[in-house]
Amino acid sequence: MMGFDWGAVFANSSDKVLGGAVGGLVVALLGGVARYVMGWYRAGKYQDADFHIAATIYTLLEPGNSDHAKGLAAGKTHVQELLWLGREVPLSTFLTNPYVLREASTAMGKARGAGILLGTMPERAERPFLKKLLGHHNTIPDTDLVRLFKDRVGRETDGRVQGISPPTHEHYPGSPHRRVIRAMFVADSQLRDTLPERAMVYFRHEGEEHRYDTIQTITRDYRQHPERYDRCRAYF
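Attention here is on the structure that accompanies the text. Model, not experiment: these values are computed from the prediction. In this numbering scheme, every chain counts its residues from 1 along its sequence in written order. Owing to the predicted nature of the model, reporting of local features is limited to residues with pLDDT of at least 70; listing and counting of side-chain atom pairs is limited to 80 or more, with chain, interface and lining totals taken over all residues. Heavy atoms from the whole structure form the basis of all side-chain values; hydrogens and water molecules are not counted.

1. Quick look at the packing of helix 4 (residues 98-110) against helix 5 (residues 123-136)
In helix packing, the relevant descriptors are the interaxial angle and the interaxial distance, both defined with respect to the helix axes.
Line of reasoning, step 1. Orientation is described by lines fitted to C-alpha atoms, with helices fitted over the stretch in contact, and by angles between N-to-C directions that extend from 0 to 180 degrees. A run of H or I in DSSP becomes a helix once it reaches four residues, and a run of E becomes a strand once it reaches two; helices and strands are each numbered from the N terminus. Contact geometry of helix 4 with helix 5 gives a least axis separation of 9 Å together with a crossing angle of 100°. Between helix 4 and helix 5, the angle falls in the class roughly perpendicular. Of helix 5, the residues touching helix 4 (which contributes Tyr99, Val100 and Glu103) are Arg124, Ala125, Pro128 and Phe129.
Line of reasoning, step 2. Class assignment for the residues of the contact of helix 4 with helix 5 results in five nonpolar, no polar and two charged. In these notes the angle categories are as follows: under 35 degrees is roughly parallel, over 145 is roughly antiparallel, 65 to 115 is roughly perpendicular, and the rest is oblique. Residues are treated as being in contact if the distance between any of their heavy atoms lies within 4.5 Å. Three classes are used, and their members are as follows: Ala, Val, Leu, Ile, Met, Phe, Trp, Tyr, Cys and Pro are nonpolar, Asp, Glu, Lys and Arg are charged, and the others, Gly among them, are polar.

Have a look at this one:
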């Protein structure tokens, strides 16, 4: 009876195991590289969509504040401050209904300028979208920054701040914005007051002046058509 060559069997099996392990490692590495490259591409094209609540205030420049020195030297009187009221979430997580998500994405694609999204999607999609948007204001944390914003724009007797929070997708020529929907919160006091003259506002970074245009557009539109914003009145 011939002897069984267990060595050959083990050698053959180990080759297969090693080959499978190496193959799996190569596939994993290639998959990781592919995801990285796709992420790089999508980031450059501003394709990944997110959602957050934004606010804006215009603060008087202070002579003793080193952060305001450039604005004062340029003859400005106010500085524009951009605030996030809470965390950013992926739009697909925020809008879990595929139909609503698709209609919101379509509306974003058609947006121009200030990109106010009210009335740009079917009622069947806008209604649940605005309901989710208003509900998200309940997640705004009680941080120093949020308290600062409330103090600046004025609180109600119950400590809350009230205003409108229309959904926007800013899309200005020559200033590519990543695909994000902002619930642009504008307090009642800001709707009543007049913004500082644009020429007197210090913008820290290039492109930030578009936020001034957005707030100005929202404020003017609200004053002419306040009923249009009834369903996006918010407080926190």
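Picking up where we left off.
2. Some points on the environment of leucine 60
Line of reasoning, step 1. Inspection of the secondary structure assignment puts leucine 60 in strand 1 (residues 50-60).
Line of reasoning, step 2. Each residue gets one of three labels from its accessible area relative to the maximum for its type: buried under 20%, exposed over 50%, partly exposed in between, using a 1.4 Å probe on protein chains only. By relative accessible area, leucine 60 is classed as exposed at 54%.
Line of reasoning, step 3. Measuring from C-alpha to C-alpha, the distance between leucine 60 and tyrosine 202 comes to 9.9 Å, with 142 residues separating the pair along the chain.
Line of reasoning, step 4. When sequence neighbours within four positions are dropped, the list of residues in contact with leucine 60 reads His68, Thr77 and His78.

3. Side note on the pattern of salt bridges
Line of reasoning, step 1. Any carboxyl oxygen of Asp or Glu within 4 Å of a side-chain nitrogen of Lys or Arg constitutes a salt bridge here. All chains considered together, the criterion is met by 17 salt bridges.
Line of reasoning, step 2. One salt bridge connects arginine 178 with aspartate 50, and the closest N-O pair in it is separated by 3.5 Å. Taken together, the residues arginine 178 in the loop between strand 5 (167-168) and strand 6 (180-187) and aspartate 50 in strand 1 connect sequence positions 128 residues apart.
Line of reasoning, step 3. On the accessibility criterion, aspartate 50 (16% relative accessible area) is buried.
Line of reasoning, step 4. Arginine 231 is paired through a salt bridge with glutamate 123; the nearest N and O atoms lie 3.0 Å apart. Remark: glutamate 123 occurs in helix 5 and arginine 231 occurs in the loop between helix 8 (209-224) and strand 8 (233-235); sequence separation between them is 108 residues.
Line of reasoning, step 5. When its relative accessible area of 37% is taken as the criterion, arginine 231 is described as partly exposed.
Line of reasoning, step 6. A relative accessible area of 44% places glutamate 123 in the partly exposed class.

4. Some words on the pairing of strand 2 (residues 78-84)
The side chains of a regular strand alternate, first on one face of the sheet and then on the other.
Line of reasoning, step 1. Two strands make a pair as long as DSSP finds a minimum of two bridges between them. Across seven bridges, strand 1 lies against strand 2 in antiparallel orientation. The residue of strand 2 that forms the bridge with alanine 55 is leucine 83.

5. Considering the environment of alanine 187
Line of reasoning, step 1. Structurally, the position occupied by alanine 187 is in strand 6.
Line of reasoning, step 2. What makes alanine 187 buried here is its relative accessible area of 1%.
Line of reasoning, step 3. Linking alanine 187 and alanine 234, residues 47 residues apart in sequence, is a C-alpha distance of 9.0 Å.
Line of reasoning, step 4. Sequence-distant contacts of alanine 187, defined by excluding residues within four places in its chain, comprise Val153, Val161, Gln162 and Gly163.

6. Overview of the packing of aromatic side chains
Line of reasoning, step 1. Any Phe, Tyr or Trp ring, taking Trp's six-membered ring, that has another such ring centre within 6.5 Å forms a pair; planes under 30 degrees apart are called stacked, those over 60 apart edge-to-face, and the others tilted. Considering all chains together, one arrives at eight aromatic pairs under this definition.
Line of reasoning, step 2. Residues phenylalanine 94 and phenylalanine 129 carry aromatic rings whose centres are separated by 6.4 Å and whose planes lie at 85° to one another, so their mutual orientation is edge-to-face. Separated by 35 residues along the polypeptide, phenylalanine 94 in helix 3 (residues 91-94) and phenylalanine 129 in helix 5 bring together distant segments of the chain.
Line of reasoning, step 3. Assessed through its relative accessible area of 5%, phenylalanine 94 is described here as buried.
Line of reasoning, step 4. Aromatic side chains phenylalanine 149 and phenylalanine 236 sit 6.4 Å apart centroid to centroid with 15° between the ring planes, which places their arrangement in the stacked category. Pair noted here: phenylalanine 149 is in helix 6 (residues 144-153) and phenylalanine 236 is in the segment after strand 8, with a separation of 87 residues, a long-range link.
Line of reasoning, step 5. Its relative accessible area of 12% is what places phenylalanine 236 among the buried residues.
Line of reasoning, step 6. Among the aromatic residues, ring-to-ring pairing joins Phe51, Phe94 and Phe129 into one connected group.
Line of reasoning, step 7. Distance and angle both matter: a charge sits over a ring if NZ of Lys or CZ of Arg is within 6 Å of the ring centre and within 35 degrees of the ring normal. Between lysine 132 and the ring centre of phenylalanine 94, over which it is positioned, the NZ or CZ distance is 5.8 Å.
Line of reasoning, step 8. Taking the ring centre of tyrosine 235 as reference, the NZ or CZ of arginine 160 above it sits at 4.0 Å.

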